[in-house]
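Per-entry structural report
Residues per chain are reported as follows:
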Amino acid sequence: MKLLSVNVGRPRPNPWKTSGTTGIDKHPVPGPVAVTAPGPKGTGAVGLAGDRVYDVAHHGGTDQAVYAYAREDLDTWERELDLPLRNGMFGENLTTWGLDVNSALIGERWRIGGQGGAVLEVSCPRVPCATFQGWLEQGGWIKRFTRAALPGAYLRVAEAGQVRAGDPVEVVHRPDHEVTVALTFRAVTLEPALLPRLLAADALPRDVRAAARRRTGAD
């Protein structure tokens, strides 16, 4: 398991949202990139140096510090869409190889790189938005992406460090539950009956846990 690329966004106009600017246009960068915890949502800060988000109400912050997507899943979409998809095309910061990102457990931790590397914790899936659909120029993309349930994972920064293309990825902690990224995505999108199952994962973002608790009648 390894990183194929580390991708940082280029600001560009966003005609698909009122924020006016988007950082979805991410490209691989050479050399090491510093990874640090960005703090709470609302400032536009994310985990990778040189990157940021512009829809600050919905993106960025502690629970969405870094976004990872598997090259294998990009390859699946290339075939489905008959469209070349370079690393970073889905707006991911980390393009991985050999790691089943969607089967990762919420709260699972990955060590990336050796000495001086970073430790990242799986927090939640990516939920598609209008910017993603407009960027890919695919009508009905949000519904199609949602049905496929290959969302990729947002990560928290558990230990700051530096990451670079070619770094090994090691799973150093797997929590004792069965709540995966894919299960969480299905629960918060098309299958709300699954929401109570998410309560087994203490590492879920607060808003997702609150939705699960409401489903059980606990709130």
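What comes next is a walk through the structure. (Residues numbered from 1 in each chain as written. Predicted model: local features only at pLDDT ≥ 70, side-chain atom pairs only at ≥ 80, totals over all residues. Heavy atoms only, no water.)

**Brief notes about the overall build of the chain**
From N to C terminus, the chain includes five helices and 12 strands. For a compact globule of 219 residues, the expected C-alpha radius of gyration is about 17 Å, and the chain comes in at 16 Å, within 12% of that figure. Sorting the 219 residues of the chain into buried and exposed places 51% on the buried side. Long-range contacts, defined as pairs at least 24 residues apart, comprise 66% of the intrachain contacts of the chain with a sequence gap of at least 6. As displayed, the chain has an accessible area near 9900 Å², and 50% of this comes from carbon and sulfur atoms. In the chain, which carries 26 positive and 24 negative side-chain charges, the distance between the mean positions of the two groups comes to 4 Å. (Helix = DSSP H or I, 4+ residues; strand = E, 2+ residues; numbered from the N terminus. Rg over C-alpha atoms; globule rule 2.2 N^0.38 Å. Buried < 20%, exposed > 50% of the residue type's maximum accessible area, 1.4 Å probe, protein only. Contact = heavy atoms within 4.5 Å. Areas by Shrake-Rupley, 256 points an atom, 1.4 Å probe, with all protein chains shown as cover. Lys, Arg positive; Asp, Glu negative; His and termini not counted. Charge placed at Lys NZ, Arg CZ, Asp CG, Glu CD.)

**Points about the pattern of salt bridges**
A side chain of one charge can pair with a side chain of the opposite charge if their charged atoms are brought near each other. Tallied over the full model, the rule gives 13 salt bridges. Its salt-bridge partner being Glu191, residue Arg186 comes within 2.8 Å of it at the nearest N-O pair. Exposure remark for Arg186: the relative accessible area of 32% places this residue in the partly exposed category. Judged by relative accessible area, which is 31%, Glu191 ranks as partly exposed. Counted as one network, the salt bridges with shared partners bring together Asp63, Arg109, Glu121 and Arg156. (Salt bridge = Lys/Arg side-chain N within 4 Å of Asp/Glu carboxyl O.)

**Some words on the pairing of strand β1 (residues 2–9)**
In terms of burial, β1 is a largely internal element, six of the eight residues being buried. Two strands pair when backbone bridges link them, and β1 and strand β7 (residues 94–97) are joined in this way by four bridges, in the antiparallel orientation. Residue pairing in the sheet places Leu3 in a bridge with Thr96 of β7. Pairing between β1 and strand β4 (residues 26–28): three bridges, direction antiparallel. (Pairing = 2+ DSSP bridges.)

**A short note on the sheet that holds strand β9 (residues 118–125)**
Spatial ordering of the open sheet is given by β4-β1-β7-β6-β10-β9-β8-β12, a layout of eight strands whose pairing is mixed. Each having just a single partner strand, β4 and β12 (169–173) make up the two edges of the open sheet. Taking the axes of each pair of neighbouring strands and ignoring which way they run, one obtains an average angle of 35° across the sheet. Bridging between strand β8 (residues 109–112) and β9 involves four bridges; their strand directions are antiparallel. Bridge assignment links Arg109 to a residue of β9, and that residue is Glu121. Docked against the sheet, helix α1 (residues 71–81) engages β1, β6 (66–70) and β7, running at close to 60° with respect to β6. (Axes fitted to C-alpha atoms, helices over the stretch in contact; angles between N-to-C directions.)

**Comments concerning the packing of aromatic side chains**
Overall, the coordinates contain 12 aromatic pairs when judged by the stated rule. Geometrically, the ring pair formed by Trp77 and Trp141 is edge-to-face, given 4.7 Å between the ring centres and 70° between the ring planes. Within this pair, whereas Trp77 is found in helix α1, its partner Trp141 is found in helix α3 (residues 141–148), the two being separated by 64 residues in sequence. Like Trp141, Trp77 is buried. Pairing Phe132 with Trp141 gives two aromatic rings, centres 5.6 Å apart and planes at 85°, and the pair type is edge-to-face. Accessibility expressed as a relative area gives 0% for Phe132, which makes it buried. Positioned above the aromatic ring of Tyr54 is the side chain of Arg52, whose terminal nitrogen or guanidinium carbon lies 4.5 Å from the ring centre. Taking the ring centre of Phe132 as reference, the NZ or CZ of Arg126 above it sits at 3.8 Å. (Phe/Tyr/Trp six-rings, centres within 6.5 Å; stacked < 30°, edge-to-face > 60°. Lys NZ or Arg CZ within 6 Å of the ring centre and 35° of its normal.)

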